[in-house]
Structures are given as C-alpha cells and as structure tokens.
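Listed here are the chains, written in short residue letters.
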Amino acid sequence: MRPALLCLAFALWPVSALAEEPTVTEARRAQLESLRAQVAGQIQLQAYDLLDELVYGWIEQPVFAQETPVVLADVSVPVGFGSGLQALIENHFASLVVKNPRTRVVLAHCPQCTSVVVHSGAKGTIISRGVDEPEALSTAGALSGSRHALFLDFEVEGAALVLRARITALEPALPIVYAKTLSTSTSSPALLRTADRLKSASEARQEYLDTLQGRSVYLVPIRFGVRSYAPGSGAVMVAPFLWLQAGAEAPLTQARAWTGSLMLGASWMPQLHVGVMVQGRISRLLSGSVTSLTRPDLYGFVGGSVTSIHGLSALVFKDQVPNLEDLAAELLKGQPHALFGAVQLGLELRVKNRIGASVFVESLPAMNTAPSIGRYVDLGPIQVHSLGVEVSFCF
C-alpha cells in the first residue's frame, strides 16, 4: 500500500509544480517591475540633477555673448527606459531654460531639424536627420532662425549616470562650439533644486547642512500648561494651576534624538496665589533615530521640578486640612508658603521642531501626607498626584 501511495505522489507532483509555476512567474514579474520602477525613478531624479548643474554652469559662464536660438536636436537615455524618460527630461530642460534667461539660450522650434530629410546633390542622395545635414536645412529654409543644435546624451556607466552635452553649429562641418561632461553616482540622493533658484551642488549641500544644523542649535520654548491635582480625603479641593514657562532647550546629539531643557515658570491667580517653578527635562525621540522635516516627531521625557507657592492656595499642600482658625493664623503670620518637588513622565508630539503638545503625569513625593492631595494612580512607591497638558512654541 505504501509503495502505491509514493508512486501516486510522484505522479501528481509535476502537475502541482506546473500549477504553481504561473503564480511564481507572476510574482517575479511584479517584483521585477517594482524594482525597475524604483531604478527608473532614481535615474530620472539624477538626470534632473545633472541638467540643473548644466544650466547653472550656463548661468555662471554663458556659452553665448547674447541671446541665441538653439534647437534641442536630440535627447538620448539609457537603453530600456524608452521615450517616457526622454519626454520628462525634455520638459525639465525646457523649464530650466525658460526660468533662467541669464543662460542666453533661447530654445527654438524646428520640426525639420529632427525629422528625416532627403538631400540630393552631385555626390548622391543623402537620407538623414536635418541636424546631421545642414545643407539640406539651409536649402529648405528650415533653420527657423537657429544656427545651433544641442545634444543631450545620458548613459549609465557602472554606478554613475553620465551626461554629455554638446552644442554644434549648423554648418556643413558641424563644428562643436560647446561640450561638457557631468556625472553623478546613482546611489547618491538627488539634490532636488528648484528651477527658478538654481544653486551649485556645493551650495545646495551646504544649505541642506545648514538646515540640519539650524534645527540643532539652542531653542527657546514657551509653554502654556495646566496641572490638575487629584482630590484628596479632605473637604478642600485643589483648583487647577495654570502655568507659563520659558527657558532654553539644547540637543544632546546632532540628530536631536536626545534633548535637554531648563525652564522657569510662573503661575498667578488673583487673591489666591503666586507660584514660581524651576523645571528640567530630558527627552528621547521615540518615532525614529533622527528628527524629521516632513512628519511630526514623538518624544518621551522625564523631568524634575521645584515649585514655590505663595498665597492661600499654599494651604492645600500642608499636612492638615485648613480651617478658619488656620487661615486666620496663617494670615497673621503673612503669606502662606509651600515648597515641594515633583517628578514628571510624559509624551510630547512636536511638529517641525516648532510647535508641540504634551501630556504628562506628575508625582509629588512630599505630598503623600497632605489630605487635600489625592492620587490618580497608587502603585505603592509609584504614585501619580497630578495630570497635566502643555502647548509649546519654540523659537
């Protein structure tokens, strides 16, 4: 019985393999198309980068002394990318030339320059493109006022994308009046410069570095916050405290994965209290390894503070529930005063390192015996006496 089952399994195995083969082939084809799209997108951006560098060179050192019509004769792209990439390159180059008139290059339209023409003469009949046969163009009067043709050739050589640009005069000898070769590594990210404000590659990289460094210098955060204390066993409840804080924040790493801040805060409630707070925080980036320019950043932080309260509100931070006699006695002595420390743990969501919103819990170790201060969470050594929210503006 067992040999028969083995024979049946071997007989059915090729059928199942053939049934799975189309699925595997389709998956491989989809994977190859995805990889091809990624490579094509990267080459397109690198081609744009080379064109930006070419036109920037024309701005710094114009090829012509005055505005000169030039025909875009030919754009060649690496094999396998077709006319789609060619059209994108042509459009980008035209946009660069139009937005940068200081190049002194004026693109001219000449249909017969790029089409196939037939020229018969004493030496025979020649079939070629118009730009390759200037005599035929001049005879047909199809130069459209342009006496120069531009050729843009893109090639992939190893890990480099190479642009060879040349401008030829439309004369029988086709002399080259300008030639330039530029290359860039296909593995390096493109600079993505704007067409109307071209910069050199070194300037664009320096601007990028300056942006990163500008996000890493000292910041001045201003925070508006409110703290709500848990109700205790006493008959007197603590009203929420409003705080305004300002100070300095510094990065502890270049990527702002760790930051530290020192803040000075003030709270005021008419006829109730005047409060002063000194707070320090250490923050850790949770949403990545470096801060982002395009999406919000999430930080976790731990901090400590020392708070001084002057006024009637300070009585709720005492070890006894205040009554009328206590109030009278405290008023005779002067302004009631309370001084205590606190530990904070929270999360902050910051947008472009300029605007932030945070929530936190706070533990007041010295308030464990204060009847007016309760606990939101009581885990023995870990007790949460207050909750807070803040909105920050960084300058």
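Look up a bit, the structure's there.
Counting restarts for each chain, with residues numbered from 1 along the sequence as it is written. Per-residue local features of the predicted model are confined to residues with pLDDT of at least 70, and side-chain atom pairs are confined, for both listing and counting, to 80 or more; whole-chain, interface and lining totals are unaffected and use all residues. Each side-chain value is derived from all of the structure's non-hydrogen atoms; neither hydrogens nor water enter the calculation.

Draft legend 1. Here's a closer look at the overall build of the protein chain. Helix numbers and strand numbers start at the N terminus; a helix is a DSSP run of H or I with at least 4 residues, a strand a run of E with at least 2. The secondary structure content of the protein chain amounts to six helices and 17 strands. Remark: exposure states derive from per-residue accessible area (1.4 Å probe, protein chains only) relative to the maximum for the residue type, with buried under 20%, exposed over 50%, and partly exposed in between. Each of the 395 residues in the protein chain was classed as buried or not, and the buried ones make up 38%. Every residue pair with non-hydrogen atoms within 4.5 Å of one another is taken to be in contact. Long-range pairs, those at least 24 residues apart, make up 62% of the contacts in the protein chain with a sequence separation of at least 6. Per-residue and other accessible areas were derived by the Shrake-Rupley procedure at a 1.4 Å probe size, with only the shown protein chains allowed to occlude residues. Carbon and sulfur atoms form 63% of the exposed surface of the protein chain, whose accessible area is close to 22,100 Å².

Draft legend 2. Region of the structure containing the sheet that holds strand β17 (residues 386-394). In this description, strands pair whenever DSSP reports at least two bridges between them. Here we have eight strands rolled up into a closed barrel, ordered β8-β9-β10-β11-β12-β13-β14-β17, and antiparallel in their pairing. For this sheet the average axis-to-axis angle between neighbouring strands, irrespective of direction, equals 25°. Looking at chain direction, strand β13 (residues 337-351) and strand β14 (residues 355-363) are connected through nine bridges and run antiparallel. Note on β14: the bridge partner recorded for valine 351 is isoleucine 355. Between N-to-C directions, angles cover 0 to 180 degrees, with each direction set by a line fitted to C-alpha atoms, over the stretch in contact for helices.

Draft legend 3. Highlighting the packing of aromatic side chains. Centre distance within 6.5 Å is the pairing criterion for rings of Phe, Tyr and Trp, where only the six-membered ring of Trp is used; planes under 30 degrees apart are then read as stacked, over 60 as edge-to-face, and the remainder as tilted. Counted according to the given criterion, the structure contains seven aromatic pairs. Seen from their ring centres, tyrosine 229 and phenylalanine 241 are 5.8 Å apart, and the 85° between their planes marks the pair as edge-to-face. With tyrosine 229 in strand β8 (residues 221-229) and phenylalanine 241 in strand β9 (residues 241-251), this pair connects stretches of sequence that are 12 residues apart. Relative accessible area serves as the criterion here: at 2%, phenylalanine 241 is assigned to the buried category. Between the aromatic rings of phenylalanine 241 and phenylalanine 317, the centroid separation amounts to 6.0 Å while the plane-to-plane angle is 75°, which identifies the pairing as edge-to-face. Separated by 76 residues along the polypeptide, phenylalanine 241 in strand β9 and phenylalanine 317 in the loop between β12 (297-311) and α6 (324-333) bring together distant segments of the chain.

Draft legend 4. Highlighting unusual backbone geometry. Unusually for a residue other than glycine, arginine 104 sits at a positive phi of about 65°. Tracing the chain through its elements places arginine 104 in the loop between α2 (82-99) and β2 (105-108). Taking the relative accessible area as the measure of exposure, arginine 104 reaches 34% and is therefore partly exposed. Positioned with a positive phi, glutamine 271 is a non-glycine residue whose angle comes to about 65°. Residue classification places glutamine 271 among the exposed residues on the basis of a relative accessible area of 77%.

Draft legend 5. Representation of the nonpolar core in the model. Residue types Ala, Val, Leu, Ile, Met, Phe, Trp, Tyr and Cys, when buried and joined through side-chain atoms within 4.5 Å, form a set referred to as a nonpolar core. Ranked by size, the top nonpolar core spans 32 residues in total, and within it Leu152 and Phe154 carry the most contacts. Within the residue set of this core, elements represented by two or more residues are α1 (2-60), β1 (68-76), α2, β5 (148-157), β6 (160-169) and β7 (176-185). No other element matches α1, which puts 10 residues into this core. Among all residues touching phenylalanine 154, those that are not within four sequence positions of it are Ala47, Leu50, Leu51, Ser76, Val77, Pro78, Ile89, Leu161, Val162 and Leu163. Membership of the second largest hydrophobic core comes to 16 residues, among which are Ile309, Val316, Ala338 and Ile373.

Draft legend 6. A look at a nonpolar patch on the surface. Together, Val220, Phe224, Leu244, Val351, Ile355, Val391, Phe393 and Phe395 make up a nonpolar patch on the protein surface, roughly 720 Å² of accessible area in all. Its location among the elements puts phenylalanine 224 in strand β8. Distance thresholds for patches are 9 Å for like charges and 5 Å for nonpolar side chains (Val, Leu, Ile, Met, Phe, Trp, Tyr), applied to residues having over 30% relative accessible area and no salt bridge. Salt bridges are defined by distance alone: a side-chain nitrogen of Lys or Arg within 4 Å of a carboxyl oxygen of Asp or Glu.

Draft legend 7. Structural detail: the sheet that holds β7. The sheet built from five strands is open, its strands ordered β2-β1-β5-β6-β7 with mixed pairing. Taken across any chain shown, the strands that pair with only one partner, and hence form the sheet edges, are β2 and β7. The average angle at which neighbouring strand axes cross in this sheet is 30°, direction not considered. Taken together, the four bridges between β1 and β2 define a ladder with parallel strand orientation. Across the sheet, the residue bridging to threonine 68 is valine 105, located in β2.

Draft legend 8. Spotlight on the environment of leucine 262. Tracing the chain through its elements places leucine 262 in strand β10 (residues 258-269). Apart from the residues within four sequence positions on either side, leucine 262 is in contact with Gly247, Ala248, Val278, Gln279 and Gly280.

Draft legend 9. Here's a closer look at the environment of lysine 99. Tracing the chain through its elements places lysine 99 in helix α2. Exposure remark for lysine 99: the relative accessible area of 47% places this residue in the partly exposed category. Residues in contact with lysine 99, not counting those within four places in the same chain, are Ala195 and Asp196.

Draft legend 10. Looking closely at the layout of surface pockets. In this structure, the largest pocket encloses a volume near 420 Å³. A 1.4 Å probe that fits into a set of points on a 1 Å grid over the protein atoms alone but cannot get out defines a cavity; an open set with protein on both sides within 12 Å along at least five of seven lines defines a pocket, and lining residues are those with an atom within 4 Å of a point. Around the largest pocket, the lining comprises 13 residues; the ones closest to its centre are Leu191, Leu192, Ala204, Glu207 and Tyr208. Under the scheme applied here, ten amino acids are nonpolar (Ala, Val, Leu, Ile, Met, Phe, Trp, Tyr, Cys and Pro), four are charged (Asp, Glu, Lys and Arg), and all others, including Gly, are polar. Its residues placed into classes, the lining of the largest pocket shows six nonpolar, two polar and five charged. Grid points are joined across faces, edges and corners, and a volume is the space filled by probe spheres set on the points.

Draft legend 11. The pattern of salt bridges, seen in detail. What the rule picks out here adds up to 10 salt bridges. The salt bridge involving glutamate 155 is made with arginine 164; its shortest N-O contact spans 3.0 Å. By relative accessible area, glutamate 155 is classed as partly exposed at 37%. A residue is classified by how much of its surface remains accessible, and arginine 164, at 31% relative accessible area, is partly exposed. Where glutamate 362 meets arginine 227, a salt bridge forms, and the shortest distance between an N and an O atom there is 3.2 Å. Highlighted residues: glutamate 362 in strand β14 and arginine 227 in strand β8, separated in sequence by 135 residues. For the pair shown, glutamate 362 and arginine 227 are each scored as buried. Here the salt bridges share partners, and the residues they tie into one network are Glu249, Arg256, Glu348 and Arg350.

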